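A look at the structure
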Amino acid sequence: MRRGHIAVVAAAGALTMLAAVPAHATEYSSALKIKGVQYDAPGRDSNSCATGNTDEEYLTIKNYSRTATVNLKGYVVRDSTSTNKFTFTKNHTLQPGDYVKLRGGRGTDSDAHNVVYRNNCNFIWNNDKDTIYLYKPSGAHADTHAYTKSANDRDGNGYITYHG
């Protein structure tokens, strides 16, 4: 085999290895990442706006940069089917190391209390398995995580931590 052929075979093998990596294991270059998800709200699920518990289901997004402040406006969060999707339409800045909890239900967004409400009383995450996608305003991936209740939630409390 000539050198050129060896390089092509090696490159093809590397591409095959990259293609085999599942989406939940992919690391994207983004200061914002998913810190954790309360995918199963405590108690019996009820999406009633008046008495339900959708505000107990939340996604924690953290700014892991040591120097950059990030504005969430334009970032998009969605589930595996893209049926459930939320776009940050207002300015909400995260200082380095800061986080925000994106909650279901209705409420008042607050930078001081690190909370943004989806103003939607439907649950976004499945209780058995789902994939969480976070996109930058440009449409580029910021972070992605797949989970299954049986594999990722060993203590059964409905919360999974990513990126510590």
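Residues numbered from 1 in each chain as written. Predicted model: local features only at pLDDT ≥ 70, side-chain atom pairs only at ≥ 80, totals over all residues. Heavy atoms only, no water.

What follows covers the overall build of the chain. Helix and strand counts for the chain stand at two helices and eleven strands. Along its sequence from the N terminus, the chain presents helices and strands in the succession α-β-β-β-β-β-β-β-β-β-β-α-β. Counting the 164 residues in the chain, one finds 37% classified as buried. Sequence-distant contacts in the chain: of pairs separated by 6 or more residues, those separated by 24 or more amount to 58%. (Helix = DSSP H or I, 4+ residues; strand = E, 2+ residues; numbered from the N terminus. Buried < 20%, exposed > 50% of the residue type's maximum accessible area, 1.4 Å probe, protein only. Contact = heavy atoms within 4.5 Å.)

Right, let's get into the packing of aromatic side chains. All told, the structure shown has four aromatic pairs when counted by the stated rule. Their ring planes at 40° and their centres at 4.8 Å tell us that Tyr 39 and Tyr 147 sit as a pair that is tilted. With Tyr 39 in the loop between strand S1 (32-38) and strand S2 (58-63) and Tyr 147 in strand S10 (residues 141-148), this residue pair connects regions lying 108 residues apart in the sequence. The residues Tyr 39 and Tyr 147 share a single accessibility class, namely buried. Aromatic pair Tyr 58 and Tyr 159: ring centres 6.1 Å apart, planes at 40°, arrangement tilted. Highlighted residues: Tyr 58 in strand S2 and Tyr 159 in strand S11 (residues 159-161), separated in sequence by 101 residues. Positioned over the ring face of Tyr 133 is Arg 78, at 4.1 Å from the centre of the ring. (Phe/Tyr/Trp six-rings, centres within 6.5 Å; stacked < 30°, edge-to-face > 60°. Lys NZ or Arg CZ within 6 Å of the ring centre and 35° of its normal.)

Enumeration over the complete set of coordinates arrives at two salt bridges. Residue Asp 40 is joined to Lys 149 by a salt bridge in which the shortest nitrogen-to-oxygen separation is 4.0 Å. On the criterion of sequence distance, the pair formed by Asp 40 in the loop between S1 and S2 and Lys 149 in helix H2 (residues 149-152) is long-range, its members being 109 residues apart. Here Glu 57 makes a salt bridge to Arg 118, at a shortest N to O gap of 4.0 Å. Here Arg 118 lies in the loop between strand S8 (115-117) and strand S9 (129-135) and Glu 57 lies in the loop between S1 and S2, a separation of 61 residues in the sequence. (Salt bridge = Lys/Arg side-chain N within 4 Å of Asp/Glu carboxyl O.)

Another aspect to go through is the environment of His 92. Following the sequence through the fold, His 92 ends up in the loop between strand S5 (85-87) and strand S6 (93-94). By relative accessible area, His 92 is classed as buried at 5%. Measuring from C-alpha to C-alpha, the distance between His 92 and Leu 72 comes to 5.4 Å, with 20 residues separating the pair along the chain. Setting aside residues up to four positions removed in sequence, His 92 forms contacts with Val 70, Asn 71, Leu 72, Val 100, Ser 110, Asp 111, Val 115 and Val 116. A polar side-chain atom of His 92 sits 2.6 Å from a polar atom in the side chain of Asp 111. (Polar contact = N/O pair within 3.5 Å; in protein donor to acceptor, adjacent residues only side chain to side chain.)

If you trace the backbone, Asn 126 turns up in the loop between S8 and S9. Along the backbone, Asn 126 and Ser 80 are 46 residues apart, and their C-alpha atoms lie at a distance of 9.6 Å. The residues touching Asn 126, leaving out its near neighbours within four places in the chain, are Tyr 39 and Tyr 147.

Take the environment of Asn 122 next. Among the structural elements, Asn 122 can be located in the loop between S8 and S9. In contact with Asn 122, not counting residues within four places along its chain, are Asn 47 and Thr 54.

These figures capture arrangement, not role.
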